[in-house]
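Coordinates in review
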Amino acid sequence: MHNDTGRIHELDAVRGFALCGILVVNIWQLTDLAVVRAPGEMIPLRHLLSVLFEGRFFPIFSFLFGLSFALFLDSAAQRTDRPRLVLIRRLVALGLLGLVHHQFQPGEALLPYALVGLVILLPAAGLPRLAILVAGLAATIGVAVTLGGGFGLVPGLFLLGLATARYGIADTLDERGWQIAAAFALALPAAVLTALWEYRVPYLDLLISNAPPIAGLLGALAYLTGLLLLLRTETGSVLSEVLAPMGRMALTNYLGATALILLAEPHLGLAGTDKYGLLLALAAAIIVIQAVASWAWLQLFRYGPLEWLWRCVTWWELVPARRVPEPTRYR
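Residues numbered from 1 in each chain as written. Predicted model: local features only at pLDDT ≥ 70, side-chain atom pairs only at ≥ 80, totals over all residues. Heavy atoms only, no water.

What the chain contains, in helices and strands, is 13 helices and 2 strands. In terms of overall size, the chain behaves like a compact globule, its C-alpha atoms giving a radius of gyration of 20 Å where 331 residues would be expected to give roughly 20 Å. Along the first, second and third principal axes, the C-alpha set of the chain runs to 70 × 50 × 40 Å. The 331 residues of the chain split such that 48% are buried. Pairs at least 24 apart in sequence give 74% of the contacts found in the chain among residues at least 6 apart. Only carbon and sulfur atoms are counted for the fraction: they give 69% of the accessible area of the chain, which is about 16600 Å². Treating the 23 positive side-chain charges of the chain as one cloud and the 21 negative ones as another, the clouds have centres 7 Å apart. (Helix = DSSP H or I, 4+ residues; strand = E, 2+ residues; numbered from the N terminus. Rg over C-alpha atoms; globule rule 2.2 N^0.38 Å. Buried < 20%, exposed > 50% of the residue type's maximum accessible area, 1.4 Å probe, protein only. Contact = heavy atoms within 4.5 Å. Areas by Shrake-Rupley, 256 points an atom, 1.4 Å probe, with all protein chains shown as cover. Lys, Arg positive; Asp, Glu negative; His and termini not counted. Charge placed at Lys NZ, Arg CZ, Asp CG, Glu CD.)

Among the structural elements, Gln105 can be located in the loop between helix H4 (83-102) and helix H5 (110-124). Within the local environment of Gln105, its side chain forms a polar contact with the side chain of Asn26, the two groups lying 3.2 Å apart. Those residues in contact with Gln105 that lie beyond four places of it in its chain are Asn26, Gln29, Leu30, Tyr254 and Thr258. (Polar contact = N/O pair within 3.5 Å; in protein donor to acceptor, adjacent residues only side chain to side chain.)

Before going further, it helps to spend a moment on the environment of His9. Mapping His9 onto the fold places it in helix H1 (residues 9-31). Taking the relative accessible area as the measure of exposure, His9 reaches 17% and is therefore buried. Spatially, the C-alpha atom of His9 lies 19 Å from that of Gln179, the residues being 170 residues apart in sequence.

This model, assessed by the stated rule, comprises 14 aromatic pairs. Geometry around Trp315 places Arg79 over its ring, the cationic atom sitting 3.7 Å from the centre. For the cation-ring pair, Arg90 lies above Phe72, with the distance from its terminal atom to the ring centre recorded as 4.1 Å. (Phe/Tyr/Trp six-rings, centres within 6.5 Å; stacked < 30°, edge-to-face > 60°. Lys NZ or Arg CZ within 6 Å of the ring centre and 35° of its normal.)

Let us now look at the pattern of salt bridges. Pairs can form between side chains of opposite charge whenever their charged atoms are close. Here the structure, examined in full by the defined rule, presents 5 salt bridges. Here Arg79 ties to Glu317 by a salt bridge, and the two come within 3.5 Å at their closest N and O atoms. In this pair, Arg79 sits in helix H3 (residues 58-79) while Glu317 sits in the segment after helix H13 (305-315), placing the two residues 238 residues apart along the sequence. Given the relative accessible area of 47%, Arg79 is considered partly exposed. Judged by its relative accessible area of 41%, Glu317 is partly exposed. (Salt bridge = Lys/Arg side-chain N within 4 Å of Asp/Glu carboxyl O.)

Further remarks concern the packing of H3 against H4. At a closest axis distance of 9 Å, the pairing of H3 and H4 adopts a crossing angle of 140 degrees. Between H3 and H4, the angle is such that the two are oblique. The two elements H3 and H4 meet at a crossing, and its hand is right-handed. Between H3 and H4, the contacting residues are Phe65, Phe69, Phe72, Leu73, Ala76 and Ala77 on the first element and Pro83, Arg84, Val86, Leu87, Arg90, Leu91 and Leu94 on the second. Of the residues in the contact of H3 with H4, the class split is 11 nonpolar, no polar and 2 charged. (Axes fitted to C-alpha atoms, helices over the stretch in contact; angles between N-to-C directions. Parallel < 35°, antiparallel > 145°, perpendicular 65-115°, else oblique. Left-handed = near helix turned anticlockwise from the far one by under 90°. Nonpolar A, V, L, I, M, F, W, Y, C, P; charged D, E, K, R; others polar.)

This next bit is on helix H12 (residues 276-300). One turn of an α-helix holds 3.6 residues; hence residues three or four places apart share an orientation. The terminal C-alpha atoms of H12, which comprises 25 residues, lie 37 Å apart, in line with the 36 Å expected from a rise of 1.5 Å per residue. Every buried residue belonging to H12 is among Tyr276, Leu279, Leu282, Ala283, Ile286, Gln290, Ala291, Ser294 and Leu298, and all of these are buried. In this fold, the buried residues of H12 make contact with H1, helix H2 (44-53), helix H10 (234-248) and helix H11 (250-268). (Expected span 1.5 Å × (residues − 1).)

For Asp32, which is not glycine, the phi torsion reads 55 degrees and is therefore positive. Residue classification places Asp32 among the exposed residues on the basis of a relative accessible area of 57%.

Assignment of secondary structure puts Asn26 in helix H1. The exposure class of Asn26 is buried, given its relative accessible area of 10%.

All we've got here are geometric facts, nothing functional implied.
This is the structure:
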């Protein structure tokens, strides 16, 4: 389903969902919470949160970036005869934002996204869709099995997102219920089994094990397909109204979360402690703040504040931001 700005509502909701999961991981990275309570022994709650969150939401976010890149490129091609130049300007602007953000959060994603977008996505956009799909699968699976996870997975996930757009899947989600259900039925047990595998790997062996990236990718697939199924229900439609505005303001919320975490940390004293319950409370508070702020902002404006700035730089013009109220009709 497309909303009034031409965006795909379900994908905005999934993007908002991924932001919520990434937030939990970012909090423990930014606040430097303790990981172990004894040499080689992870704090139990941190261990559980790692298996539920770490490496599960970053792949979804990366996949959606590649998909959105393709959709934007297609849209740009309808507005200008130089769409790649527009995309280059868009990625350079994202990289500059990421460079600034990197000073506050060294593990941030925007700068790597911009670089991979310039080096991998732009050249790949002109390839046949089958070649993009095969390259995406080979890169993603190859990195997960041999090199581990992290940012090494980004090129493959970008290509898979690009391929998904090229096959028209994003525009036909409403017609693919059974396919999504089949993918979820296969992904869920695989995600549970590999999560148990990851959970049982000793802490000191995690860095050299391929359990985390494999479990993370399968967990991401289960989360993604499960959420898409949930969004088709009455409960899911309510959840979508909360998540979609957050997803439409993903750039603002991603950077804003860093600011909120850094502002809160001195008052909470999380550094070096095992206060993971407090971490979850902080994550919940930030999600509520951003959900309410995103909804309220988008009642008045078509884009989030940083999304608007990014769009202005992309098109190199002042883009109208305020919503134009529909004229009142009298009988």
